[in-house]
Amino acid sequence: MKLLLDKQAQYTLVKLEEEKLDSMISPQLKSELVFLNSEGVHNVIFDMSAVKYVDSSGLSAILVGNRLCNGAEGRFVLSHVNASIAKLIEISQLEGILATAADNEAAKAFFSK
């Protein structure tokens, strides 16, 4: 799994550099998100600009990140979500649970409140 981390003062940018977030990737991603949370990272921008496809296990990994951040009184924001992934979020009735932003700049606004 290719993952880039950019730690800032208010948030950590996590960029998944894979086209598919599926059952092959999601266990590794969950582990990484748990590790980051244990290190004190509670605000995450999850950059999905390279991701073209997400299956149910990928969505589960995203929800783990969201739950960990929320549990630590932080935020987990998805950025660069393409139309098909946005549709999956909508079909799964998670649009009220998962915060999304058009890009990383828009996602930063979630942490300046």
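Higher on the page you've got the structure.
Below is a short write-up of the structure.

Details of the overall build of the chain
Stage number 1. Check the secondary structure of the chain and you find four helices and seven strands.
Stage number 2. Over its C-alpha trace the chain gives a radius of gyration of 13 Å, about what one expects of a compact globule, namely 13 Å for 113 residues.
Stage number 3. Within the chain, the fraction of its 113 residues that count as buried is 42%.
Stage number 4. Counting contacts in the chain only where the partners sit at least 6 residues apart, residues at least 24 apart contribute 72% of the total.

As for helix H1 (residues 26-38)
Stage number 1. The end-to-end C-alpha separation of H1 is 18 Å, in line with the 18 Å expected for 13 residues at 1.5 Å each.
Stage number 2. On the buried face of H1, the contacting elements are strand E1 (3-7), strand E2 (12-16), strand E3 (20-21), strand E4 (43-47), helix H2 (56-71) and strand E6 (75-79).
Stage number 3. Just beyond H1, the residue with positive phi is Gly40, at close to 100°.

Some words on the sheet that holds E1
Stage number 1. Ordered in space as E1-E2-E4-E6-E7, the five strands form an open sheet in which the pairing is mixed. At either end of the open sheet lies a strand with only one pairing partner, and these are E1 and strand E7 (99-101). For this sheet, the mean inter-axis angle between neighbouring strands, taken without regard to orientation, is 25°.
Stage number 2. Pairing between E2 and E4: four bridges, direction parallel. Within E4, the position partnered with Thr12 by the bridge is Val44.
Stage number 3. Packed on one face of the sheet, H1 meets E1, E2, E4 and E6 and runs near 15° to E1.

Brief notes about the pattern of salt bridges
Stage number 1. Enumeration over the complete set of coordinates arrives at two salt bridges.
Stage number 2. Here Lys87 ties to Glu90 by a salt bridge, and the two come within 4.0 Å at their closest N and O atoms. With Lys87 and Glu90 both in helix H3 (residues 83-91) and three residues apart, the pair spans about one turn of that helix.
Stage number 3. With relative accessibility at 45%, the residue Lys87 sits in the partly exposed group.
Stage number 4. With its nearest N and O atoms 2.8 Å apart, the salt bridge here joins Glu105 to Lys108. Remark: Lys108 and Glu105 occur in helix H4 (residues 104-108); sequence separation between them is three residues, near one turn of the helix.
Stage number 5. Under the relative-accessibility criterion, Glu105 is labelled exposed at 56%.

Thresholds, definitions, all that
- Residues numbered from 1 in each chain as written.
- Predicted model: local features only at pLDDT ≥ 70, side-chain atom pairs only at ≥ 80, totals over all residues.
- Heavy atoms only, no water.
- Helix = DSSP H or I, 4+ residues; strand = E, 2+ residues; numbered from the N terminus.
- Rg over C-alpha atoms; globule rule 2.2 N^0.38 Å.
- Buried < 20%, exposed > 50% of the residue type's maximum accessible area, 1.4 Å probe, protein only.
- Contact = heavy atoms within 4.5 Å.
- Expected span 1.5 Å × (residues − 1).
- Pairing = 2+ DSSP bridges.
- Axes fitted to C-alpha atoms, helices over the stretch in contact; angles between N-to-C directions.
- Salt bridge = Lys/Arg side-chain N within 4 Å of Asp/Glu carboxyl O.

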